[in-house]
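Observations on chain architecture
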Amino acid sequence: MPPKKSSANQKLAGAIRETRSQAGYSQEQFARAAGLDRSYFAAVERGELNISFDTLVKIATGLDTKVSALCARARL
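Presented here is a report on the structure given in the accompanying data block. These figures come from a predicted structure and were not determined experimentally. (Residues numbered from 1 in each chain as written. Predicted model: local features only at pLDDT ≥ 70, side-chain atom pairs only at ≥ 80, totals over all residues. Heavy atoms only, no water.)

1. Quick look at the side chain of Asn-9
The residue Asn-9 is located in helix H1 (residues 7-22) in this model. Exposure remark for Asn-9: the relative accessible area of 17% places this residue in the buried category. Excluding residues within four positions of it along the chain, Asn-9 makes contact with Gly-47, Leu-49 and Asn-50. (Helix = DSSP H or I, 4+ residues; strand = E, 2+ residues; numbered from the N terminus. Buried < 20%, exposed > 50% of the residue type's maximum accessible area, 1.4 Å probe, protein only. Contact = heavy atoms within 4.5 Å.)

Here it is, written out as structure tokens:
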């Protein structure tokens, strides 16, 4: 049985997806610009992964925001 997606991962994924979309990036464009594999980033946006703090910082930096802003948007 596949692992269940955690509530926190789902909320953070939604915040990342909304922020990326509002910035006008496609998943592929953003992943390339941030130095992430597109399929990996897609899994992040689906809330399927427990990402490292370093990856979260990389995503926030690529979105020109702070980790705290993503967490606030996710209501974490």
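2. Section: the side chain of Thr-19
In this fold, Thr-19 is placed in helix H1. Classification of Thr-19 by relative accessible area gives buried; the value is 13%. The residues touching Thr-19, leaving out its near neighbours within four places in the chain, are Leu-63, Leu-70 and Arg-73.

3. Comments concerning the packing of H1 against helix H5 (residues 67-74)
Orientation of H1 relative to H5, taken along the N-to-C sense of each, is 115°, at an axis distance of 8 Å. Considered as vectors, H1 and H5 are oriented roughly perpendicular to each other. At the point where H1 passes H5, the crossing takes the right-handed sense. The segment H1 lies against H5, with Lys-11, Leu-12, Ala-15, Ile-16, Glu-18, Thr-19 and Gln-22 engaging Leu-70, Arg-73 and Ala-74. Here the residues of the contact of H1 with H5 sort into 5 nonpolar, 2 polar and 3 charged. (Axes fitted to C-alpha atoms, helices over the stretch in contact; angles between N-to-C directions. Parallel < 35°, antiparallel > 145°, perpendicular 65-115°, else oblique. Left-handed = near helix turned anticlockwise from the far one by under 90°. Nonpolar A, V, L, I, M, F, W, Y, C, P; charged D, E, K, R; others polar.)

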